[in-house]
Amino acid sequence: MSAELRLALKTLIVEACDKDCDPASITDDEVLFGPEAPLQLDSLDALQVSMAIKKQYGLRLPDSKETRRILSNVANLAEHLEGWLASRG
């Protein structure tokens, strides 16, 4: 996984959710959603992140259990996005 992509995704998450934190402070495997998560993102934030990913990369994330797994942390999101980008050639 590209460190540049992971940092770009962290920046995208912080900007899309209007959080006041340094994107580099988010760890790759940190839980992003829920009251125990450091960022405490919620379902509205998930929608914002999904829309930002579609706008930035063209990847559409349908509302599903798979999407919840993909958005659970930066590592999962980066892995899914890299696979999707590679499949597009």
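Please refer to the structure higher up on the page.
Note that the structure is predicted; figures quoted are calculated from it, not measured. (Residues numbered from 1 in each chain as written. Predicted model: local features only at pLDDT ≥ 70, side-chain atom pairs only at ≥ 80, totals over all residues. Heavy atoms only, no water.)

Here the focus is helix α2 (residues 43-57). Taking 1.5 Å per residue, 15 residues should reach 21 Å; α2 reaches 21 Å between its end C-alpha atoms and fits that length. When α2 is considered as a whole, its buried residues turn out to be Asp45, Ala46, Val49, Ser50, Ala52, Ile53 and Tyr57. Relative to the axis of α2, the buried residues are bounded by an arc of 165° and lie together on one face. The outward face of α2, more than 90 degrees from its buried face, is lined by the exposed residues Ser43, Leu44 and Lys55. (Helix = DSSP H or I, 4+ residues; strand = E, 2+ residues; numbered from the N terminus. Expected span 1.5 Å × (residues − 1). Buried < 20%, exposed > 50% of the residue type's maximum accessible area, 1.4 Å probe, protein only. Arc of directions from axis to C-beta.)

Our next topic: the state of the cysteines. Per the counting criterion, the structure on display carries zero disulfides. Counting only cysteine sulfurs, Cys21 is the nearest neighbor of Cys17, a cysteine outside any disulfide, at a range of 9.6 Å. Residue Cys21 is classed as partly exposed on the basis of its relative accessible area of 27%. (Disulfide = S-S within 2.5 Å.)

Before going further, it helps to spend a moment on the pattern of salt bridges. For the coordinates displayed, the defined rule picks out three salt bridges. Close ionic contact of Asp28 with Lys10 constitutes a salt bridge, the shortest N to O distance being 2.7 Å. Within this pair, whereas Asp28 is found in the loop between α1 (3-16) and α2, its partner Lys10 is found in helix α1, the two being separated by 18 residues in sequence. The partner of Arg69 in a salt bridge is Glu66, and the shortest N-O contact between them spans 3.0 Å. With a gap of three residues between them, Arg69 and Glu66 both fall in helix α3 (residues 65-70), about one helical turn apart. According to the relative accessible area criterion, Arg69 is partly exposed, its value standing at 39%. Connected via shared salt-bridge partners are Arg6, Lys10 and Asp28. (Salt bridge = Lys/Arg side-chain N within 4 Å of Asp/Glu carboxyl O.)

Here the focus is the packing of α1 against α2. Taken N-terminus to C-terminus, the directions of α1 and α2 make an angle of 130°; their axes are 9 Å apart at the nearest point. Our classification of the angle between α1 and α2 gives oblique. Remark: the crossing between α1 and α2 carries right-handed chirality. When α1 is examined against α2, the residues Leu5, Ala8, Leu9, Leu12, Ile13 and Ala16 are found in contact with a partner set consisting of Gln48, Val49, Ala52, Ile53, Gln56 and Tyr57. Of the residues contributing to the contact of α1 with α2, the split by class is 10 nonpolar, two polar and no charged. (Axes fitted to C-alpha atoms, helices over the stretch in contact; angles between N-to-C directions. Parallel < 35°, antiparallel > 145°, perpendicular 65-115°, else oblique. Left-handed = near helix turned anticlockwise from the far one by under 90°. Contact = heavy atoms within 4.5 Å. Nonpolar A, V, L, I, M, F, W, Y, C, P; charged D, E, K, R; others polar.)

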